[in-house]
Amino acid sequence: MDTINPFTTSPSPSASPALSRTTSPTPSTAGAASIRPRPPSSILSAASASPPPTHRASFPDPAKEPRRGSSKLAGPEIKTGFCCERDRQISRGDEVAIVDAFKTTEGGTASYIAYVIRIGSNETRRRYSSFLQLHQALTGLYPVLIIPPIPSKQSLTDYAVKGQSKAKEDATVIARRKRLLDDFLKRLVRHPILGGEHVLHRFLEDGVSWSEVMHSPPISLLPKNPLHAPSYNPTFQPASPASDASPTTPTSPPSFIAHHLLPTPSPNHPLHRPDQRFVESENFTEKFQQHFQGTLEKVNRRVVKRWSERAADMNELGAVWNGFSLTEQGKLGTAVEKVGQAVDAEYLATAQLLQAWERTTTEPLHIYTQFATLIRQRLSFRHQKHVQYELVQDALETQKDKLELLEAAEREARRLDDALDQGGQMASSAVEHERQRERERERERERELSRSPRRQQGFGLLNAVKHSLSGMMDVDPEATRRANIGKTRDNISQLEDSLQASAQDLKYASTTLQADLDRFQRQKVADLRQLAIELSKVHREWCRQNLEAWKAAQAAIREVPDHPNRAESSLHIRSPTAPSFSGSTPTVTSAAHMTGQAEPSGSSTQGERDLPPIPAAPAGGSAGSLATIMPLGPKEWTEGDRDVLLAADKPLPLPSRDEDGQEGEGNAARGSAGPLGPL
C-alpha cells in the first residue's frame, strides 16, 4: 500500500475548504433584497430546540474519503439558507454588543452579574460562566481554529483581599469584563466559520436555556480526547443499526474505529520529518508571546504606574496652589488661582488618559498575549496529529516486515513439505537434518536471551513459563504460524485504516490552521495599526486639554504688574553706589535718554543725571505705591520718589565678621562684597 504523505503538495490558503463558505438564496430569502448576505457561508450544526442539520460549518462529509494523492479534502456541503434568525442577522451585518451589566439573582438564590447582549433589536442576558462554557465548546468543536480569547477569572489574590462577593461586584472588574466580552463576541461573529456556528446563534437567542444547549448535541457528543476523533468533525458518531437499513443514510466509515486506535503522543515528541512551515510558525509564535507578555505588557504596566503616580502628585499640587491663592488678593491672587486650576485640569486630563489607555492599549495587548497562547495550543495539537501519523507509519512498516518474515517461513515450510513428498527417505533425512539445525538455532537464541541485561532478568521466570506453555500448546506449529500470519494481516489492515485516517486529519489540520493563521495575521496588522492610532489620539487629547488650561493661566499671570525696577522696557535705573558691569562710572539713565529724547538740564558733573520730575499721586492712591507714582515716560518726579527708587535699587547690607569670626554689629555693609552681587 502506498503511504499517503500529506505534505506532497502545499495547499493554498485561499483554496482551503475550512475557510470557503458561500451562500445561495432560498425561496424564503429570495425576495429579501435588503439583506446583504455574508460573503462566507457555513453548514448548519445541531443544537437543542432546533432542527439538527447533518453537518456543522466547514467540516467535510465524514462519509466521503479523500482521494489518494489529492491535495483537496472532501469539502462541506453548500449552505443554501439560514439556520435561524440570528444567523440571518449576522449575515445582514447587525452589530452585536454588550450594552449593560447588572447584579441579579434570577434563576437561583446567589447573586451574579448578568451581561445584556444586543443584536439588532433583540436582547438576551448571559452570565460570565456561560461565556466561558461557550468558549470551551467552540474549542472542542473546532480544534484547529483560533478561537478568540475571553477575560480570565478572578485571581485568588483578589478573593483573598476583597472577598468573594466584593471581588465579583467590583465596578472596575465588571467594566473591564464587559469590554473584553464585547470584543470576544464581535470577533466571533466576524469570523468566517465561527459566525455560522449554530451553538453561537443559540447563545445569542433570548429565552433559550443555555444549560440545555450544553447537554445537547453537538456539545454532548464531544470526545474526552480530541486526538482520538476526526479533526474535521470531533462529534462524528457511527450510524446506529436501526438507521443502517435506510438507503439514504451513509454507512459508517472505518475511520471512526481507526481514530480510536491512534496513539496519544506527547506534545514534546520529536518529529522525523517536520513541516518547515509550521516549525517557523511555532518559533514565530513563541517569540511573539515572549515579546508581548515579557516586554510590551511589562513596560506598559510600568508606564501606567508612573502616569498614575503623576496624576496623584498633580492632584496634591493643585490643592496646594488653590490654598495659596486664598492668601493673596488682586490680580496676583487671581493668577495663583488660575495656576492651581491648570494643575487640577492636568490631573483630570491624566485620569482620563489612564482610562483611555486601559481601553485602547492595555486591554488589546493582553488580548494578543492570550491569542499567542491559544495559537501555540493549536500548533501543538497539529504537532501531535503529525506525530500520530509518523507513529502509525512506523508501526505499519514494522508489521509489514513481520508479515514478510512469517510468509517466508511459510514458503520454506511448504517447500520442505513438497521435497519430503517427492524425495522419499532421502528428502526425509534432509528435512530432519534441516529441522535439527533449526532446533539448534532456537536453543542458541534462548541462550542469548538468558544472557540479556539485568533489566530483562526480572522476567526470566515468566518467560520460561510462557515458553513452556507455548511448547505444550503448540501441538501444530504450522497452524500457529498461519494464525500469526492472519493476525498480522489484520493488524496491517487496521494500521492502514488508521494511517489513512491520520493522514486525512493531518492534511485537514494543516490546511485549516494555515488558512486561519493567515487570517489572524491580517487581523493582527489591522488591530495593531488601530492601537497606535488610538494611542496617539489619547496623547493628543491630553495635550489639548493641558494647553487650554495653561494658556488661561498664562493670560492671568500677564495681568500681574511687573516690579517697578524690573520694567526694563520703560525705565532703566542704575544706582550711583553700585558699580556697573562694564566698570564705568555709576549712572542713572532715564527713559528719555533710552528713547533718544532731550534730557533735562542740570545734570551732575560727577556722572549722575537728575531724574525727570514725577507728578503727585492721584487721588485715592497710596503715596508709597511705586506702581502708582511711577508712570511710564518722562514725567515730573519729586525728591521723595527719587530717594525711594534709589533706595530700592541698593544692594542688601552684609554682616561683617571680626577677627574671632563673629559678626560685627557696628560695621558698615559692603555693597559689592555680597555673594549674589547688587540687587
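Attention in this report is confined to the structure presented alongside it. (Residues numbered from 1 in each chain as written. Predicted model: local features only at pLDDT ≥ 70, side-chain atom pairs only at ≥ 80, totals over all residues. Heavy atoms only, no water.)

Let us now look at the overall build of the protein. Scanning the protein from terminus to terminus reveals 16 helices and 5 strands. Residue pairs in contact within the protein that sit at least 24 positions apart in sequence constitute 69% of those at least 6 positions apart. Surface summary for the protein: the accessible area is close to 39300 Å², and the carbon and sulfur share equals 53%. (Helix = DSSP H or I, 4+ residues; strand = E, 2+ residues; numbered from the N terminus. Contact = heavy atoms within 4.5 Å. Areas by Shrake-Rupley, 256 points an atom, 1.4 Å probe, with all protein chains shown as cover.)

Okay, the sheet that holds strand β3 (residues 122-127) next. Taking strand neighbours across the sheet as the criterion, the 3 strands line up as β1-β2-β3 in an open arrangement whose pairing is antiparallel. Each having just a single partner strand, β1 (96-104) and β3 make up the two edges of the open sheet. For this sheet, the mean inter-axis angle between neighbouring strands, taken without regard to orientation, is 25 degrees. Relative to β3, strand β2 (residues 112-119) is paired through 6 bridges, and the arrangement is antiparallel. Following the sheet pairing, Ile119 is matched in β3 by Asn122. The strands touched by helix α2 (residues 128-141) within the sheet are β1, β2 and β3, with β3 carrying the most contacts at an inclination of about 90 degrees. (Pairing = 2+ DSSP bridges. Axes fitted to C-alpha atoms, helices over the stretch in contact; angles between N-to-C directions.)

Counting across every chain of the model gives 22 salt bridges. For Glu205, the salt bridge identified is with Arg202, shortest N-O distance 3.2 Å. Relative accessible area serves as the criterion here: at 5%, Arg202 is assigned to the buried category. Here Asp505 ties to Lys385 by a salt bridge, and the two come within 3.1 Å at their closest N and O atoms. One end of the pair, Asp505, is in helix α13 (residues 477-558); the other, Lys385, is in helix α11 (residues 330-450), with 120 residues separating them in the sequence. (Salt bridge = Lys/Arg side-chain N within 4 Å of Asp/Glu carboxyl O. Buried < 20%, exposed > 50% of the residue type's maximum accessible area, 1.4 Å probe, protein only.)

All right, on to the nonpolar core then. Formed by 35 residues in total, the largest nonpolar core has its most connected members in Phe131, Leu134, Leu185 and Leu204. At the level of elements, β1, β2, α2, α5 (171-190), α6 (198-203) and α7 (210-214) are the ones that each hand at least two residues to this core. Ranked by residues supplied to this core, first place goes to α2 with 7 residues. With residues near it in sequence (within four places) discarded, Leu204 still touches Arg86, Ile90, Val96, Ile117, Ile119, Thr124 and Leu185. In this structure, Phe371, Leu379, Phe520 and Leu531 belong to the second largest nonpolar core, which totals 16 residues. (Core = buried A, V, L, I, M, F, W, Y, C linked by side-chain atoms within 4.5 Å.)

Turning to a positive patch on the surface, a few remarks are in order. Taken together, the side chains of Lys298, Arg301, Arg302, Lys305 and Arg306 make up a positively charged region of the molecular surface. Looking at the element boundaries, Arg301 is found in helix α10 (residues 276-325). (Patch = residues over 30% accessible without salt bridge, like charges linked within 9 Å, V, L, I, M, F, W, Y side chains within 5 Å. Lys, Arg positive; Asp, Glu negative; His and termini not counted. Charge placed at Lys NZ, Arg CZ, Asp CG, Glu CD.)

For any pair of aromatic rings, the description rests on two quantities: the centre-to-centre distance and the angle between the ring planes. Counting across every chain of the model gives 12 aromatic pairs. With a centroid separation of 6.4 Å and an interplanar angle of 40 degrees, the aromatic rings of Phe292 and Tyr368 are classed as tilted. Within this pair, whereas Phe292 is found in helix α10, its partner Tyr368 is found in helix α11, the two being separated by 76 residues in sequence. Neither Phe292 nor Tyr368 differs from the other in exposure class; each is buried. A centroid spacing of 5.8 Å and a plane angle of 45 degrees characterise the contact between Tyr368 and Phe520, whose relative ring orientation is tilted. On the criterion of sequence distance, the pair formed by Tyr368 in helix α11 and Phe520 in helix α13 is long-range, its members being 152 residues apart. According to the relative accessible area criterion, Phe520 is buried, its value standing at 7%. Taken together, the aromatic side chains of Phe284, Phe288, Phe292, Tyr368, Phe371 and Phe520 make up a single cluster linked through ring pairs. When the ring centre of Tyr112 is taken as reference, the NZ or CZ atom of Arg127 above it lies at 4.1 Å. It is Arg382 that lies over the ring of Phe278; its NZ or CZ is 4.2 Å from the centre. (Phe/Tyr/Trp six-rings, centres within 6.5 Å; stacked < 30°, edge-to-face > 60°. Lys NZ or Arg CZ within 6 Å of the ring centre and 35° of its normal.)

A large share of β2 lies buried, amounting to 7 of its 8 residues. For β1 and β2, the ladder comprises 8 bridges, and the chain directions are antiparallel. Each residue of the ladder has a partner; that of Ala101, found in β2, is Tyr115.

Here Pro217 and Pro218 are connected by a cis peptide whose omega angle stands at 5 degrees. With respect to the helices and strands, Pro218 occurs in the loop between α7 and α8 (241-244).

Okay, the packing of α10 against α13 next. The interhelical angle for the contact between α10 and α13, taken along N-to-C directions, is 20 degrees, at an axis separation of 14 Å. Comparing their axes, α13 and α10 come out roughly parallel. The chirality of how α10 crosses α13 is left-handed. Here α10 contributes Arg277, Phe278, Ser281, Phe284, Phe288, Phe292, Trp307 and Arg310 to the contact with α13, which in turn contributes Ser510, Leu513, Gln514, Leu517, Gln521, Lys524, Leu528, His539 and Trp542. Grouping the constituent residues of the contact of α10 with α13 by class yields 9 nonpolar, 5 polar and 3 charged. (Parallel < 35°, antiparallel > 145°, perpendicular 65-115°, else oblique. Left-handed = near helix turned anticlockwise from the far one by under 90°. Nonpolar A, V, L, I, M, F, W, Y, C, P; charged D, E, K, R; others polar.)

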